[in-house]
Amino acid sequence: MGTFGTAALASMEEQLPWFRRMPPDQRSWIGLVAQAGIAAFVEWFKSAEKTRPAIAGEVFGTAPRELMRAIKLQHTIDMIRVIINVVETRLDELAAPGGEAQLREAILRYTRDVAFGAAQVYARAAETRAAWDARLEALVVNAVLRGEVDDGMHSWAAALGWTSKPVTVVAGYTPEDEEPEITIDQMQLAARRARVDVLAGVQGRRVVVIVGGAADPLAAARPIAAKCGPGPVVVGPQVEDLYASTISARAAMAGLRAAAGWPDAPRPVLAAELLPERALDGDEAARRHLVEEVYNPMLAAGAPLLDTLTTYLEQGSSLEATARLLFVHPNTVRYRLRRVSELTALAPTDGRNAFTLRIALVLGRFTDHAAYS
């Protein structure tokens, strides 16, 4: 057996480039695996055909687990192929006179079972690794939702191979009557096709997906939304990296809660497009944004701008009625409304934008009243 094992190692050294690059200790373990495989074959062949034991993964039991991580399944198949060739070329040393054909057939049957055994070993390892990765993935998503984005969480993400920037968080609901694992697998498959990285977790009926490396967050969210169940799918703002992902997660979750207020919202929808509903639902970040980014710029531009917008909204978006009440020309109203659009990126003539502006006006007045009371 030692002679055949040595011959097998020499053949692998000659034919397999990956074997030549391995450190000596790992090559030594492979030699033990080769010898164990040949010895097990001899014992198997000596048994009567009806009493021969089934071959499983015990041939690989002589190697440590570290070797499995160093050698891919394809390398294992290459190794088995080389060992078969070595044994077949020296068949006359093993076979009894006239028994070469019987021995060759036995070798083929045995190596087939060994190949199945190798696949079984790697499959079990893959299942264990996948289960561990799923737990780590869930921990990362939970940490982002809780705002516990520290170095420990980053080490978990690094263990999953996460290096993507920028980052966006997508929130939706799971399909009815579908296992969470299936939902996550389908989302990961869709993400790979879209060439983005994802970390996903399910919490009750909600599914939260951290998307990395997307140039267009809304476009990246569409294949993910297709795998979600009925209901809204909300896309948080894009942030620089995983450390800032809590900001995107909070906006996405707030948008998911408030999306019921806009039944006709597109799917997926940006959390920024749900600012008025989020503000009415009590989201302080949305309220602060509407005051600081919408109301305050108009306030700084002067009272006529706020008066014109207020009157325009109260008069049902009528230019003529607004101009009459303010004693100005309709072109002046048009100019002031255009200034509102420039300052806030919201056009008062659009029904949805007008609703957002109305909420911003109310919240701004609340803030002003609180400052003076």
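You'll find the structure just up there.
On a predicted model such as this, the values are computed, not experimentally measured, just so you know.

Before we go on, may I ask you to explain the side chain of Gln188 in this structure?
Relative to the helices and strands, Gln188 resides in helix α9 (residues 180-193). Residues within four places of Gln188 in sequence aside, it is in contact with Glu137 and Val198.

How do you make sense of the nonpolar core when you look at a structure like this?
The nonpolar side chains of soluble globular proteins are, as a tendency, buried together. The biggest cluster of nonpolar side chains holds 29 residues, and the ones touching the most others in it are Met12, Trp18, Phe19, Ile30, Phe41, Ile83 and Ile107. Put simply, the parts of the chain that give this core at least two residues each are α1 (2-15), α2 (17-20), α3 (24-46), α5 (73-89) and α7 (100-146). In terms of residue count, α5 provides more of this core than any other element does, seven residues in total. Apart from the residues lying within four places of it in its own chain, the contact partners of Ile83 are Ala8, Ala34 and Ile38. Core analysis: the second largest hydrophobic core is formed by 27 residues, Leu199, Ile210, Ala249 and Ala252 among them.

I tried to follow helix α10 (residues 217-225) on my own but got confused; where do I start?
Turn by turn, an α-helix covers 3.6 residues, leaving residues three or four places apart pointing in a common direction. Within α10, the full set of buried residues consists of Pro217, Leu218, Ala220, Ala221, Ile224 and Ala225. The arc that holds every buried residue of α10, seen down its axis, measures 155 degrees, which confines them to one face. Contact partners of the buried residues in α10: β1 (167-173), α9, β2 (197-203), β3 (206-212), β4 (234-235) and β5 (269-270). Put simply, Asp216 is the residue that caps the front of α10, since its side-chain oxygen is 3.2 Å from the backbone nitrogen of Leu218.

Sorry, what's going on with the side chain of Thr246 here?
As for its position among the elements, Thr246 is in helix α11 (residues 245-258). Excluding anything up to four places from it in sequence, Thr246 contacts Val144, Gly147 and Val149.

Can you walk me through the packing of helix α13 (residues 284-301) against helix α16 (residues 330-344) in this structure?
Each packed pair of helices is defined by two parameters, the angle between the axes and the distance between the axes. At a minimum axis separation of 9 Å, α13 and α16 run at an interaxial angle of 130 degrees. Between α13 and α16, the angle falls in the class oblique. For α13 against α16, the interelement crossing comes out right-handed. Contacts between α13 and α16 involve Glu293, Val294, Pro297, Met298 and Ala301 from the former and Val340, Leu343 and Thr344 from the latter. Class assignment for the residues of the contact of α13 with α16 results in six nonpolar, one polar and one charged.

Can you walk me through unusual backbone geometry in this structure?
What is expected of a backbone is that most residues other than glycine have negative phi and most peptide bonds are trans. Looking along the chain, the bond that leaves Lys165 and enters Pro166 is cis, with omega of -15 degrees. Considering the arrangement of structural elements, one finds Pro166 in the loop between α8 (151-159) and β1. Residues Arg267 and Pro268 are joined by a peptide bond in cis, for which omega reads 0 degrees. Within the element layout of this structure, Pro268 appears in the loop between α11 and β5. A positive phi angle, near 65 degrees, is found at Ser317, a position not held by glycine.

Would you mind going over the sheet that holds β2 with me for this structure?
Either a parallel or an antiparallel arrangement is found when strands of a sheet pair, and the pairing is made through backbone hydrogen bonds. In space, the five strands of this open sheet follow the order β2-β3-β1-β4-β5, with mixed pairing throughout. This sheet does not close on itself; its edge strands, each paired only once, are β2 and β5. Two elements, β2 and β3, share seven bridges in a ladder whose sense is antiparallel. Paired with Val202 across the two strands is Val207, which belongs to β3. Contacts from α9 reach β2 and β3 within the one sheet, and its direction differs from that of β2 by about 160 degrees.

Even after reading the chapter, I still don't get the packing of α13 against helix α14 (residues 303-314), so can you show me in this structure?
α14 packs onto α13 with a crossing angle of 125 degrees between their chain directions and a minimal axis gap of 5 Å. Considering their axes alone, α13 and α14 lie oblique with respect to each other. Taking contact as the criterion, the partners of Tyr295, Met298, Leu299 and Ala301 in α13 are, on α14, Leu305, Leu306 and Leu309. Grouping the amino acids of the contact of α13 with α14 by side-chain chemistry returns seven nonpolar, no polar and no charged.

I'm lost on the packing of aromatic side chains in this one. Help?
Enumeration over the complete set of coordinates arrives at one aromatic pair. Ring centres of Trp18 and Phe19 lie 6.1 Å apart, and the angle between their planes is 90 degrees; on these two criteria the pair is classed as edge-to-face. A cation over an aromatic ring shows up here: Arg352 above the ring of Trp262, its NZ or CZ 3.6 Å from the ring centre.

What counts as what
Residues numbered from 1 in each chain as written. Predicted model: local features only at pLDDT ≥ 70, side-chain atom pairs only at ≥ 80, totals over all residues. Heavy atoms only, no water. Helix = DSSP H or I, 4+ residues; strand = E, 2+ residues; numbered from the N terminus. Contact = heavy atoms within 4.5 Å. Core = buried A, V, L, I, M, F, W, Y, C linked by side-chain atoms within 4.5 Å. Buried < 20%, exposed > 50% of the residue type's maximum accessible area, 1.4 Å probe, protein only. Arc of directions from axis to C-beta. Polar contact = N/O pair within 3.5 Å; in protein donor to acceptor, adjacent residues only side chain to side chain. Axes fitted to C-alpha atoms, helices over the stretch in contact; angles between N-to-C directions. Parallel < 35°, antiparallel > 145°, perpendicular 65-115°, else oblique. Left-handed = near helix turned anticlockwise from the far one by under 90°. Nonpolar A, V, L, I, M, F, W, Y, C, P; charged D, E, K, R; others polar. Pairing = 2+ DSSP bridges. Phe/Tyr/Trp six-rings, centres within 6.5 Å; stacked < 30°, edge-to-face > 60°. Lys NZ or Arg CZ within 6 Å of the ring centre and 35° of its normal.

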